[in-house]
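Below, each chain spelled out in residue letters.
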Amino acid sequence: MLSRLARLSRPKALAVSALPLAALLAAAGLAPLPFAVAQPGGTADVLGNYKGKPVLTVTGAPQRKTEGQLRMTTIVATGPQMDVRIGDVVDGWFRTDRAVMPKDSVYPTGDDVEEVEKHNLGDMRKSKDKATRAALRYLRENGVKGTEKVDVDVDLGKIGGPSAGLFLSLGIIDKLDGDGSGEDLTGGRTIAGTGTISEDGKVGAVGGVALKTQAAGRDGATVFLVPEDECADAEAEKPAGLQLIPVTTLSGTIDALRALRKGERVPSC
């Protein structure tokens, strides 16, 4: 091949050499890549209904009427069996409402759709249990009586994963005690956000925050609660008018919401 190319003029030689490269690029464009493409998903008010059913059903103690909204946020990604090609990846890199992620970070259990759904719903059940224990622990530590027989059920359809934990805890607390002074945690606002929760009330990082802020702004939120370590991600594509409040613990989150309602200084990213 080299000896033949040597006898060709430079333009012809370049043209001949480009053919294998073009074929290689064409093949790369058709080959599936180990990525998933994510975008802003839906949001759900944990104080209200999702697809016609209450998100939080709390029994075993009197409940208070709430105002405002506490919206947990989601992202949606290409399915575990869906092929993502180089064109999708390039498009995702240049769009602010898309994110390209390693496929195994989105679907660590593999490509089986039923197994992925089972895993995610399992994470949601664990998150609900932790959120309930964290909320009840907070209420008892703050002198709220009558929580011994409280039971909580969560219905978010097929939404899975652990990232609604913080907002499930806040919803339980708001329904049972508000901010501790008879007022709503929301102060009548639409507040969105994300974050895992541990049984002792620590807020953990989640991922996809830049997309979740866009979902929050789209659905009318004016405040976004974000795990402190993800402030930079939240700032990256933050919609205009959306106030970011970094949080690290459940009690600190409630303190910030109480200060926000009173018009006092709150933490910021």
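Residues numbered from 1 in each chain as written. Predicted model: local features only at pLDDT ≥ 70, side-chain atom pairs only at ≥ 80, totals over all residues. Heavy atoms only, no water.

What follows covers the side chain of T132. Positionally, T132 belongs in helix 5 (residues 113–141). Excluding residues within four positions of it along the chain, T132 makes contact with V152 and I172. (Helix = DSSP H or I, 4+ residues; strand = E, 2+ residues; numbered from the N terminus. Contact = heavy atoms within 4.5 Å.)

This model, assessed by the stated rule, comprises ten salt bridges. With a closest N to O distance of 3.2 Å, E141 and R137 form a salt bridge. Of this pair, E141 and R137 are both found in helix 5, four residues apart, which corresponds to roughly one turn of the helix. In this structure E141 comes out as exposed when scored by relative accessible area, which is 58%. Among the residues examined, R137 registers a relative accessible area of 40% and is labelled partly exposed. Here R261 and D179 are joined by a salt bridge, their closest N and O atoms 3.0 Å apart. Placement of the pair is R261 in helix 9 (residues 250–262) and D179 in the loop between helix 6 (165–176) and strand 8 (190–193), with a sequence separation of 82 residues. (Salt bridge = Lys/Arg side-chain N within 4 Å of Asp/Glu carboxyl O. Buried < 20%, exposed > 50% of the residue type's maximum accessible area, 1.4 Å probe, protein only.)

Within the largest apolar cluster, 46 residues are counted, with the highest numbers of intra-cluster contacts made by L156, F167, L170, L225 and L250. Every element with two or more residues in this core is listed here: strand 4 (56–59), strand 5 (69–77), helix 5, strand 7 (151–154), helix 6, strand 11 (223–227), strand 12 (243–247) and helix 9. For L225, the contacting residues outside a window of four places in its chain are F167, L170, I191, A192, G193, T194, I245, V247, T253 and L257. (Core = buried A, V, L, I, M, F, W, Y, C linked by side-chain atoms within 4.5 Å.)

Note that all results are geometric; they support no functional claim without further evidence.
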